[in-house]
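# Chain and residue survey
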Amino acid sequence: MAAGGADDVTILLGSRSDMEVAEKCSATLKEFGVPHTVRVASAHRTPQKVLDIVAQSKAKVFVCVAGMSNALAGYVAAHTTRPVIGVPISGKVPMDSLLSTVQMPPGIPVATVGVDRGENAALLAVQIMAVSNRDLDERLKQYRKQGAEKVEKDDSEVRGGR
Ligand code: RP5
């Protein structure tokens, strides 16, 4: 659905080359039935386009996926009071994207998830929305339960069924 529609989350990518990580985010949001939009818009190459998307979007949460200098997350955060989650992309220089996403100056926070952790960005967005959405909260509890069951199954298999 296009930005400006009824999507709850807008995912912005600095480049199409970030798509693999964005797909993890999108797939997890789909699991929770959260309507979302994926757009490519760069803080450096198309700064006005980013502003237009933010201004038109009715999303409750923005997820910004970008590598190298992830200016995108901070740039979006500077233009909205809605929560912004930054996903750093792994690159050739260790920690470049991570530090540029997480090290925001006082007053303009970006909630930063781990490097390439698109699925965690989705889960954090769901958790934010679940504060005022009981159905989403129930789904999160089910998701955690499934995660715990998998650990128990793995443990049982590693121990040879004992
Ligand atoms: C960033 O620069 C993008 O988010 C991408 O991770 C990185 C490289 O971009 P491309 O040269 O692959 O378009 O702006």
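Quick look at the structure, then.

Rules used throughout
Residues numbered from 1 in each chain as written. Predicted model: local features only at pLDDT ≥ 70, side-chain atom pairs only at ≥ 80, totals over all residues. Heavy atoms only, no water. Near = heavy atom within 4 Å. Polar contact = N/O pair within 3.5 Å; in protein donor to acceptor, adjacent residues only side chain to side chain. 1 Å grid on protein atoms, 1.4 Å probe; cavity = no way out; pocket = protein on both sides within 12 Å on 5 of 7 lines; lining within 4 Å. Sits in = over half its atoms within 2 Å of the grid points. Nonpolar A, V, L, I, M, F, W, Y, C, P; charged D, E, K, R; others polar. Helix = DSSP H or I, 4+ residues; strand = E, 2+ residues; numbered from the N terminus. Pairing = 2+ DSSP bridges. Contact = heavy atoms within 4.5 Å. Axes fitted to C-alpha atoms, helices over the stretch in contact; angles between N-to-C directions. Points joined across faces, edges and corners; volume = space filled by probe spheres on them.

### Observations concerning the site of the ligand
Lining the immediate surroundings of the ligand are G14, S15, S17, D18, R45, A66, G67 and M68. S15 is positioned with one of its side-chain polar atoms (N or O) 2.6 Å from an oxygen atom of the ligand. G67 places a main-chain nitrogen or oxygen 3.0 Å from an oxygen atom of the ligand. With respect to the pocket detection grid, the ligand is positioned in the largest pocket. Class assignment of the residues belonging to the shell around the ligand gives a composition of 2 nonpolar, 4 polar and 2 charged.

### As for the environment of E152
Assignment of secondary structure puts E152 in helix α6 (residues 134–158). Taking C-alpha positions, E152 is 27 Å from A130, a pair spaced 22 residues apart along the chain.

### Some remarks on the sheet that holds strand β5 (residues 111–112)
Strand pairing in a sheet takes place through backbone hydrogen bonds and is either antiparallel or parallel in direction. Within the open sheet, the 5 strands sit side by side as β2-β1-β3-β4-β5. Their pairing is parallel. On the outer flanks of this sheet lie β2 (36–40) and β5, each paired with one strand and no other. Relative to strand β4 (residues 84–88), strand β3 (residues 61–66) runs parallel, the two sharing 5 bridges. Opposite V65, over in β4, you have V87 as the bridge partner. Strands in contact with helix α1 (residues 19–31) are β1 (9–13), β2, β3 and β4; relative to β1, the strand with the most contacts, it is inclined by about 170°. Sheet strands touched by helix α5 (residues 118–130): β1, β3, β4 and β5. Its angle to β4, the strand with the most contacts, is close to 170°.

### Topic: the layout of surface pockets
Estimated volume of the largest pocket: approximately 350 Å³. For the lining of the largest pocket, the class distribution of residues is 7 nonpolar, 10 polar and 4 charged.

Spatial relationships are all this shows, so hold off on functional conclusions.
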